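Take a look at the letters that make up each chain.
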Amino acid sequence: MSRESGVVKVDGEVIATRRVGAYHHLTIVAPGVAELARPGQFAALAVGGPTSGTLLRRSFSIHKVSPSGTYGGTLDLVVAAKGAGTQWLTGLRAHDSVDVVAPLGRAFPLPTEPVPCVLVGGGYGSAPLFWLAEVLRERGCTVEMVLGAASEDRLFGVVEARRAADRVTVTTDDGSAGQRGWVSDVLPEVFRRTGAPVAYACGPMGMLQSVTRVAAEHGAVAQVAVEESMACGVGVCMTCVMPVRGKDGVTSMVRSCVEGPVFRGDRIRWEAFHDGVCGVPEDTVGAPRTGGH
Amino acid sequence: MAVDMSVTFTGRTLPNPVMTASGCAANGRELHRFFDVATLGAFVTKTVMMDARSGRGTPRMAETASGMLNSIGLQGPGIHAFVRKDLPWLKSVGARVLVSIAGNTAGEFADVARVLADSDAFDCVVGVEVNISCPNVANRGLVFACDPLASGKVVALVREQLPRDVPIFAKLTPDVTDIVSIADAAVKSGATGLTMINTLLGMVIDTDLLRPQLGGITGGLSGPSIRPVAVRALWQVTAAMREGRVQRVPLIGVGGVRTGRDALELIAAGATCVQVGTATFNDPTAPQRVLTELTELAGSHGVDRITELVGVAHDRMVVP
């Protein structure tokens with residue numbers, strides 16, 4: 001059901017699952033999602049079946065959607081098997097069912113003018129960028145893509161990128177594909193060459209921070225899709241918060257599932273993140289006071 | 001014939017006994033995308049305190065077997081923003097609202113209750129849930145609900161600020177030696193009902209990093225894994241009420257309800273109403289689904305009214 005609310009909860013049916021390097025690519029029949037979804041939004045999947053003791057949904061940015069395939073509207077996701085929940089998802093076979101809530105969160109805002117854009121993906125964080133590239137090019141934007149990962153098997157979509165973008169640069173930490181190093185090593189040259197006023201990025205938090213920094217150094221705005229663990233994905237559990245400055249300059253702990261996952265990179269309080277833990281900056285609205293809570 | 005699902009407490013009649021649980025449903029807009037929140041017996045809001053609170057840093061959550069730990073830190077907009085924005089919205093969609101309040105001190109609970117009672121949308125409020133399972137700043141952070149005197153004081157101060165006909169439910173923690181004595185103190189101080197149970201204090205250690213998984217170190221355990229604790233607490237307090245040791249008041253059961261069967265279990269132990277909490281994270285339609293399942297299940301037991309099943313298990317014990 002949708003209640004004209006821009007989101008549906010559907011019993012999806014897996015129609016294809018295939019290994020792509022270190023990841024799994026799932027295609028799920030999920031009627032109603034494609035018509036509503038835009039690049040940057042995500043899907044929250046229940047894991048383990050209806051009686052599962054693993055209650056929390058797993059959220060994945062939407063790789064692509066197709067409104068009317070042979071099987072009805074489909075949704076494509078890229079999953080990395082990291083724990084029991086994601087292993088259950090990657091173990092699904094064709095015709096298995098999976099409960100899907102989608103699309104969720106705020107999409108990448110699109111430029112109103114046909115401008116050059118830089119798209120940066122870290123690991124399987126690149127998943128939503130090909131669809132985004134397509135939408136940007138339809139609007140007359142040129143698209144340059146930078147894909148980075150620890151090693152070649154952790155890159156996602158290099159072949160697809162060559163089709164979706166006007167130019168592609170690949171980096172790996174170990175040099176097993178493309179240029180050895182990080183995306184931030186090649187980004188200054190990409191910004192200089194393209195003069196892009198905007199970058200879109202999705203991947204690990206450290207990478208998003210460096211994309212934000214390099215973009216700012218070249219007068220560009222970074223729109224970043226964050227990764228934060230979520231319990232519900234729909235805005236009720238308050239676990240996926242992070243400190244973000246509003247338009248008024250005031251910092252609040254905001255939910256990355258509803259206010260995000262896409263934020264302007266220069267609004268995120270990156271200095272609050274340390275080794276998997278994020279604190280509450282002192283000037284945050286309602287921050288703990290000495291002697292108080 | 002359809003089962004009459006309506007329930008009445010303190011002169012208020014709700015169309016059915018199913019509610020959201022505080023802190024598991026935000027303040028309504030998010031779930032209203034999935035089902036009409038006015039179809040529930042009541043909508044229970046996220047605990048609100050006097051001032052805006054950022055809550056804690058992250059990680060705030062750790063998944064556990066059939067449950068989770070949370071350490072949100074009572075993030076919220078403060079009562080003034082709540083009565084300006086959230087309560088009028090809930091009223092506009094026709095929801096009956098049980099407002100969860102808290103304070104750092106007993107006096108702050110009363111201040112929050114007064115602002116609520118003076119607000120324009122107060123007529124959609126069917127009761128106030130007093131979340132006494134939060135730390136008392138004036139008593140070295142000891143949780144109010146662990147101390148009968150502190151629990152009673154909070155309830156008495158809140159009672160003074162609310163019109164007599166507004167029900168007050170004290171929400172109890174199971175992390176006490178004797179929950180019946182806390183229930184008794186709350187009722188004697190003017191609570192017209194009790195909500196049981198809040199989360200249990202727990203902790204998870206990340207065995208890759210070998211450090212506490214939550215930023216706040218400890219957190220509240222919720223989900224189906226705690227349901228037997230809720231059933232036990234409801235059973236003990238109901239038994240004490242039936243034996244005349246505690247004055248009889250309606251109970252709201254909460255803790256690990258995921259299905260209509262789970263809701264019926266809490267009702268059979270003594271709950272008049274049932275809240276659906278952590279299951280909502282798994283299924284955003286869970287409160288509505290539980291109501292549907294509970295209605296069918298009540299019908300299968302052949303009763304005319306759901307209230308016939310309240311505490312029924314106390315009468316069904318087989319004594320050989």
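Residues numbered from 1 in each chain as written. Chains lettered and ligands numbered in written order. Predicted model: local features only at pLDDT ≥ 70, side-chain atom pairs only at ≥ 80, totals over all residues. Heavy atoms only, no water.

Q: Would you mind going over the UniProt feature "binding site: FMN" (unreviewed entry) in chain B with me for this structure?
A: Residues and elements named next belong to chain B. Sequence positions flagged by UniProt for "binding site: FMN" (unreviewed entry) are, in local numbering, S22, K46, T47, N131, K171, I197, G223, G255, G256, G277 and T278. Mapped onto the elements, N131 comes out in strand β8 (residues 125-131). Excluding its chain neighbours within four sequence positions, the residues that come into contact with N131 are T47, L74, S100, I101, A102, F109, K171 and N198. Mapped onto the elements of the fold, G255 is located in the loop between β17 (251-254) and α7 (260-269). A relative accessible area of 6% means that G255 is categorised as buried. Excluding its chain neighbours within four sequence positions, the residues that come into contact with G255 are I226, R227, A230 and L266. (UniProt positions renumbered as here; feature names shortened; annotations may be inferred. Helix = DSSP H or I, 4+ residues; strand = E, 2+ residues; numbered from the N terminus. Contact = heavy atoms within 4.5 Å. Buried < 20%, exposed > 50% of the residue type's maximum accessible area, 1.4 Å probe, protein only.)

Q: Please clarify how the domain arrangement of chain A should be interpreted in this entry.
A: You'll often see interface size given as the accessible area lost when the parts meet. All names here are of chain A. Domain boundaries assigned for chain A yield domain 1 (8-104) and domain 2 (117-278). Taking the mean C-alpha position of each, domain 1 and domain 2 sit 22 Å from one another. The interface of domain 1 with domain 2 comprises 25 residues on the first partner and 22 residues on the second. Interface area for domain 1 against domain 2, summed over the two sides, is near 1900 Å², with a carbon-plus-sulfur share of 68%. Together, Y23, P39 and H63 form the three largest contributors to the area buried by domain 1 at its contact with domain 2, with a combined 31%. Where domain 1 touches domain 2, the interface holds 0 salt bridges. Our count for the domain 1 to domain 2 interface comes out at 5 residue pairs in polar contact (both at pLDDT 80 or more). Looking at the side of domain 1 that touches domain 2, the elements with two or more residues in it are β2 (23-29), β3 (42-45), β4 (58-69), β5 (72-79) and β6 (97-104). (Domains from an automatic or database assignment. Buried area = accessible area lost by both parts, 1.4 Å probe. Salt bridge = Lys/Arg side-chain N within 4 Å of Asp/Glu carboxyl O. Polar contact = N/O pair within 3.5 Å; in protein donor to acceptor, adjacent residues only side chain to side chain.)

Q: In this structure, what is going on with the side chain of A:H25? I would like to understand it.
A: All names here are of chain A. Mapped onto the fold, H25 is located in strand β2. For H25, a relative accessible area of 8% corresponds to the buried category. One polar contact links H25 to D76, side chain to side chain, over a distance of 2.7 Å. When near neighbours in sequence (up to four residues on either side) are disregarded, H25 contacts A16, T17, R18, V20, H63, D76, L77 and F156.

Q: Help me understand the UniProt feature "binding site: [2Fe-2S] cluster" (unreviewed entry) in chain A, please; the structure alone is not making it clear to me.
A: Within this numbering scheme, the UniProt entry marks A:C232, A:C237, A:C240 and A:C257 as carrying the feature "binding site: [2Fe-2S] cluster" (unreviewed entry). In summary, the annotated positions, though distributed over 26 residues, converge in three dimensions, the widest C-alpha pair being only 10.0 Å. For A:C237, a relative accessible area of 5% puts it in the buried group. Leave out the neighbours within four places in its chain, and A:C237 touches A:A231, A:C232, B:I72 and B:F281. In this fold, A:C257 is placed in the loop between β14 (251-255) and β15 (262-264). Residues in contact with A:C257, not counting those within four places in the same chain, are A:F42, A:L104, A:G105, A:M230, A:G233, A:V234, A:G235 and A:C240.

Q: Hey, could you run me through the pairing of strand β16 (residues 218-222) of chain B in this one?
A: Taken residue by residue, a regular strand's side chains alternate between the two faces of the sheet. Across 3 bridges, the pairing between strand β6 (residues 67-70) of chain B and β16(B) is antiparallel. Bridge pairing links B:N70 to B:G220 in β16(B). (Pairing = 2+ DSSP bridges.)

Q: What is the right way to read the nonpolar core from this model?
A: Most often, soluble globular proteins have nonpolar side chains that are buried together. Ranked by internal contacts, the top residues of the largest apolar core, which has 126 residues, are B:F109, B:L116 and B:L194. The residues that make up this core include at least three from each of domain 1 (8-104) and domain 2 (117-278) of chain A. When sequence neighbours within four positions are dropped, the list of residues in contact with B:F109 reads B:I101, B:A102, B:G103, B:V130, B:N131, B:I132, B:C134, B:F144, B:V154 and B:V158. With 32 residues, the next largest nonpolar core counts A:F130, A:L132, A:A133 and A:V262 among its residues. (Core = buried A, V, L, I, M, F, W, Y, C linked by side-chain atoms within 4.5 Å.)

Q: Explain the UniProt feature "domain: Dihydroorotate dehydrogenase catalytic" (unreviewed entry) in chain B here, please?
A: Here, the residues flagged by UniProt with the feature "domain: Dihydroorotate dehydrogenase catalytic" (unreviewed entry) are residues 6-296 of chain B. As annotated, residues 6-296 of chain B has a helix share of 33% and a strand share of 22%, and its two end C-alpha atoms lie 14 Å apart.

Q: Explain a negative patch on the surface to me, please; I cannot follow it from the model alone.
A: On the surface, A:E152, A:D153, A:D173 and A:D174 cluster together to form a negatively charged patch. Structurally, A:D174 can be placed in the loop between β9 (167-172) and β10 (179-180). (Patch = residues over 30% accessible without salt bridge, like charges linked within 9 Å, V, L, I, M, F, W, Y side chains within 5 Å. Areas by Shrake-Rupley, 256 points an atom, 1.4 Å probe, with all protein chains shown as cover. Lys, Arg positive; Asp, Glu negative; His and termini not counted. Charge placed at Lys NZ, Arg CZ, Asp CG, Glu CD.)

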